[in-house]
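# Analysis of the macromolecular model
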Amino acid sequence: MLHTDLHSPNVKTERKMKLDDFIKNLRGIDDGQDIDKDVLRGVYERIKKEEFHPATDHVTAVQSVEQSILGNRPILSQPHRRLVCSVSLLEINDPSKREKKHFREIFLFNDMLVVTKVLARKKTGTLYNFKKSFPLHGITVLKYETPHYPFGIRLISVVDNKVLATFCALNHEDWSRFVRDLQEYVMEMNEMEDIRIGAELERQKLMRKEQGCTADSGLGLDSESITSNNLTGSMDSLAPPEILKRTALSNSLMNLKEASEKQNHRVSASSLDGTLSMNLTIPFTGPVIKRNKSTLSGWFSKRKSTPPQLESSSHEENLSQLSK
């Protein structure tokens, strides 16, 4: 409260807390007793003389470096990232030849290395131009010595043995300290990456087990196992023994076999009685013929109107012809 009152720009000078006011506010706080005035006077004078400032944490340090680097740099401000050290080195193209000196400012973080070049020096700070950066995972740090460059440092990729960068320190102290810090954090990043890969593999394994247990048939079968009829191998690999027992797998196979036999039986039965099934299942799509009632009634009326004597006469003629 005293610090805010004395150093806040919003509080006018005439309204800032005086020493007498500070002592009066702390009257009787020591178990009903007053604190010695000399002690309170010393506290008041120290707070008035120097303002409190928060200490610089790793996030603030990384943000400060990021603001000073210009160009197409990566995003440096990350919660997990911290600045380890910075050092001036010479970048070398051919260690066997004496070359023009190319000074580089190297920023070593706990997970990456950033190479910059000094652009301008101002009263407020130094500005840098971004050159390149390397992740610390998957690199090898080598020390070398040549007649022209006695404090050499070379970074090589583990994947393809490609030389990423070659530097030379300005003195033996910078050489030893920078190589020691760099090797330490390269080892740390490799260990963290191995842990991450192991955790990811374990998570994928658990996901496959859960998918195998929650499938519709109760079995985690893949398409390759089904086409190759290797059902037992896929089930044993995907389903842990404590979840799916052997009897359960056998019963499931028997159920699948019985279901397929029933389906084949239905298909064969329908093929034997194909005509019946066709008549029952295929709808009639031909034209509908309507019968005329008047035509039928007329035909019956004609039959009834035929004289009986004509029918008998025709019958006698037939008999005579047969006798002849």
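Our subject is the structure that appears above.
All values reported here derive from a predicted model rather than from experimental measurement.

### Focus on helix H3 (residues 37-49)
Residues separated by three or four positions in an α-helix point in the same direction, a consequence of the helix having 3.6 residues per turn. Along its 13 residues, H3 runs 18 Å from first to last C-alpha, staying within 8% of the 18 Å computed at 1.5 Å per residue. Every buried residue belonging to H3 is among Leu40, Tyr44 and Ile47, and all of these are buried. The arc that holds the buried residues of H3, viewed along the axis, is 70°, so those residues lie on one side. Exposed and facing more than 90 degrees away from the buried side of H3 are Asp38, Arg46 and Lys49. Buried positions along H3 lie against helix H1 (2-7) and helix H2 (19-25).

### Some remarks on the sheet that holds strand S1 (residues 69-70)
Taken in spatial order, the 8 strands of this open sheet run S1-S5-S4-S3-S2-S8-S7-S6, and their pairing is mixed. Only two strands of the sheet have a single neighbouring strand rather than two, namely S1 and strand S6 (139-144). Examined bridge by bridge, strand S2 (residues 83-91) and strand S3 (residues 103-109) share 7 bridges and lie antiparallel to one another. Within S3, the residue paired with cysteine 85 across the bridge is leucine 108. Sheet contacts for helix H5 (residues 172-213): S2, S3, strand S4 (112-121), S6, strand S7 (152-157) and strand S8 (163-169); angle to S6, the most-contacted strand, approximately 160°.

### Topic: unusual backbone geometry
Its identity as a non-glycine residue notwithstanding, asparagine 161 has a phi of 55°, on the positive side. Along the chain, asparagine 161 turns up in the loop between S7 and S8. On the basis of relative accessible area, asparagine 161 is assigned to the exposed category, the value being 61%.

### Regarding the nonpolar core
Ranked by size, the top nonpolar core spans 29 residues in total, and within it Leu136, Ile153, Leu155 and Phe178 carry the most contacts. Among the elements that make up this core, the one with the highest residue count is H5 (7 residues). Leave out the neighbours within four places in its chain, and phenylalanine 178 touches Cys85, Val87, Leu89, Ile106, Leu108, Leu113 and Ile153. Core analysis: the second largest hydrophobic core is formed by 10 residues, Leu76, Phe107, Met112 and Tyr128 among them.

### Brief notes about the packing of aromatic side chains
By the definition in use, this model includes 3 aromatic pairs. On the basis of an interplanar angle of 55° and a centroid distance of 5.4 Å, the ring pair of phenylalanine 151 and tryptophan 175 is categorised as tilted. Taken as a pair, phenylalanine 151 in the loop between S6 and S7 and tryptophan 175 in helix H5 lie far apart in primary sequence, 24 residues in all. There is no split in this pair, since phenylalanine 151 and tryptophan 175 are both buried. Above the ring of tryptophan 175, the side-chain terminus of lysine 143 is found at 4.2 Å from the ring centroid. For arginine 154, the ring lying beneath its charged end belongs to tyrosine 144, and the centroid distance is 5.7 Å.

### Some words on helix H4 (residues 58-68)
Among the residues of H4, those classed as buried are Val62, Val65, Glu66 and Ser68. Seen from one end, H4 has its buried residues packed into an arc of 165°, which puts them on one side.

### Considering the pairing of S2
Summarising the sheet, S2 and S8 pair through 3 bridges and their orientation is antiparallel. Among the inter-strand pairings, glutamate 91 is bridged to a residue of S8, identified as phenylalanine 167.

### Observations regarding the pattern of salt bridges
It is possible for side chains of opposite charge to pair when their charged atoms get near one another. Evaluation of the coordinates by the stated rule reveals 8 salt bridges. Note that aspartate 38 is salt-bridged to arginine 41, the shortest N-O span being 2.8 Å. Placement of the pair is aspartate 38 and arginine 41 together in helix H3, with a separation of 3 residues, close to one helical turn. Here glutamate 91 and arginine 104 are joined by a salt bridge, their closest N and O atoms 2.8 Å apart. Of this pair, glutamate 91 sits in strand S2 while arginine 104 is found in strand S3, placing the two residues 13 residues apart along the sequence. For arginine 104, a relative accessible area of 11% corresponds to the buried category. Within the structure, one salt-bridge network assembled from shared partners comprises Glu91, Arg104 and Lys132.

What counts, and at which threshold
Residues numbered from 1 in each chain as written. Predicted model: local features only at pLDDT ≥ 70, side-chain atom pairs only at ≥ 80, totals over all residues. Heavy atoms only, no water. Helix = DSSP H or I, 4+ residues; strand = E, 2+ residues; numbered from the N terminus. Expected span 1.5 Å × (residues − 1). Buried < 20%, exposed > 50% of the residue type's maximum accessible area, 1.4 Å probe, protein only. Arc of directions from axis to C-beta. Contact = heavy atoms within 4.5 Å. Pairing = 2+ DSSP bridges. Axes fitted to C-alpha atoms, helices over the stretch in contact; angles between N-to-C directions. Core = buried A, V, L, I, M, F, W, Y, C linked by side-chain atoms within 4.5 Å. Phe/Tyr/Trp six-rings, centres within 6.5 Å; stacked < 30°, edge-to-face > 60°. Lys NZ or Arg CZ within 6 Å of the ring centre and 35° of its normal. Salt bridge = Lys/Arg side-chain N within 4 Å of Asp/Glu carboxyl O.

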